[in-house]
Amino acid sequence: MKNIIKSIIYELIKSRLMIILFCLMAAMNILVTILNISENTFHEATTSAMLSEAKSTTFLFAEFFVIAAVGLIAGSDFKDKVANYELMSGHSRIQFYLARSIFSVIFAALMGTILSFIPLVSGNIFYDFGDRLVLGDVILRTFLYFFPYIRLAAFIVILTFIVKNQYAVMGIGYGILSFNTVLSGTISNHDNLLTANFNLNLLADYDGWSVYNISKTEGIVNYASYDSSLSTGNVIGTILISIAVMAVYLIIGYGLFRRDDLS
């Protein structure tokens, strides 16, 4: 397994495709964050105001990266039959599968979490954080994104070992993600732990209310109050359910791969 992981890391560095993809997603995240805050759509040009009302900004591009990263890492060796060579050179199927699947899941989720911090970091660089949310609560919620990401990544592992084409996996994954996003927008109670996307919506959703008053001198004055804390149940549920679902997905993936003739 160690040699397989070393070869994966070598290929990632050599191809540079993953680095380019990550930089592209990071740049898009920074651009969207700056545009959202600068347009003052949220009645105040602060990072916390943007985060409290545009929650998908923190995880949308990261989800795209997670899907692409798993497809590239776990599925790149099927097209040129390198997978067959690794199996014939003495590695067992379980070694090949665990090296590819676990490395891709952890790597994709970790890099996705880093991407999710970019709106917070870039917003604070160019603008004030503001006082709508508590910074420590925002940081905790963003760290917890790692766990829904491992659920999403493990599901993409299943697709990869079925389709065996990284680009097809990206297309199918994006289609499923887009459907899930639309579903989140149409279902009123989607802030739960049922799916990875719903879990991310839960972590990014800040309970609050806003009112406005009309002033003779200042015009329309907006007032907003938000609770950025997260219940212990949601924290523990996010961690335990995500790990359990990830394990189930990886077991299913290996069950399919073990019976595959790799023709």
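Basis of the calculations
- Residue positions are given per chain, counting from 1 as you read along its sequence in written order.
- The predicted origin of the model limits local features to residues at a pLDDT of at least 70 and limits the giving and counting of side-chain atom pairs to 80 or more, whereas totals for whole chains, interfaces and linings rest on all residues.
- Side-chain numbers come from the whole structure's heavy atoms, not from hydrogens or water.
- Segments assigned H or I by DSSP are reported as helices when at least four residues long, segments assigned E as strands when at least two residues long, and all are numbered from the N terminus.
- Relative accessibility decides the category of a residue: with a 1.4 Å probe and only protein chains considered, values under 20% of the type maximum give buried, values over 50% give exposed, and everything between is partly exposed.
- Any pair of nitrogen or oxygen atoms within 3.5 Å is treated as a polar contact; in protein, a donor-acceptor pairing is required on top of that, and neighbouring residues in sequence qualify only through side-chain atoms on both sides.
- Definition used for salt bridges: Asp or Glu carboxyl oxygen within 4 Å of a side-chain nitrogen of Lys or Arg.
- We call a set of buried Ala, Val, Leu, Ile, Met, Phe, Trp, Tyr and Cys residues a nonpolar core when their side-chain atoms join them within 4.5 Å.
- Note on contacts: a residue pair is in contact if any heavy atoms of the two residues lie within 4.5 Å.

It is worth spelling out the side chain of Arg-132 at this point. Tracing the backbone shows Arg-132 in the loop between helix H6 (93–126) and helix H7 (135–144). Exposure remark for Arg-132: the relative accessible area of 7% places this residue in the buried category. Side-chain polar atoms of Arg-132 contact the side chain of Glu-53, separated by 2.5 Å.

What follows is about the pattern of salt bridges. Enumeration over the complete set of coordinates arrives at 1 salt bridge. Residue Glu-53 is joined to Arg-132 by a salt bridge in which the shortest nitrogen-to-oxygen separation is 2.5 Å. One end of the pair, Glu-53, is in helix H3 (residues 47–53); the other, Arg-132, is in the loop between H6 and H7, and 79 residues separate them in sequence.

This brings us to the nonpolar core. Counting 54 residues, the largest nonpolar core has Phe-65, Val-105, Leu-115 and Tyr-149 as the members making the most contacts within it. The element best represented in this core is helix H4 (residues 60–79), accounting for 11 residues. Setting aside residues up to four positions removed in sequence, Tyr-149 forms contacts with Thr-58, Phe-59, Ala-62, Glu-63, Val-66, Ala-109, Gly-112, Thr-113, Ser-116 and Leu-200. Counting residues in each nonpolar core, the second largest holds 11 residues, with Met-50, Leu-120, Val-138 and Tyr-226 among its members.

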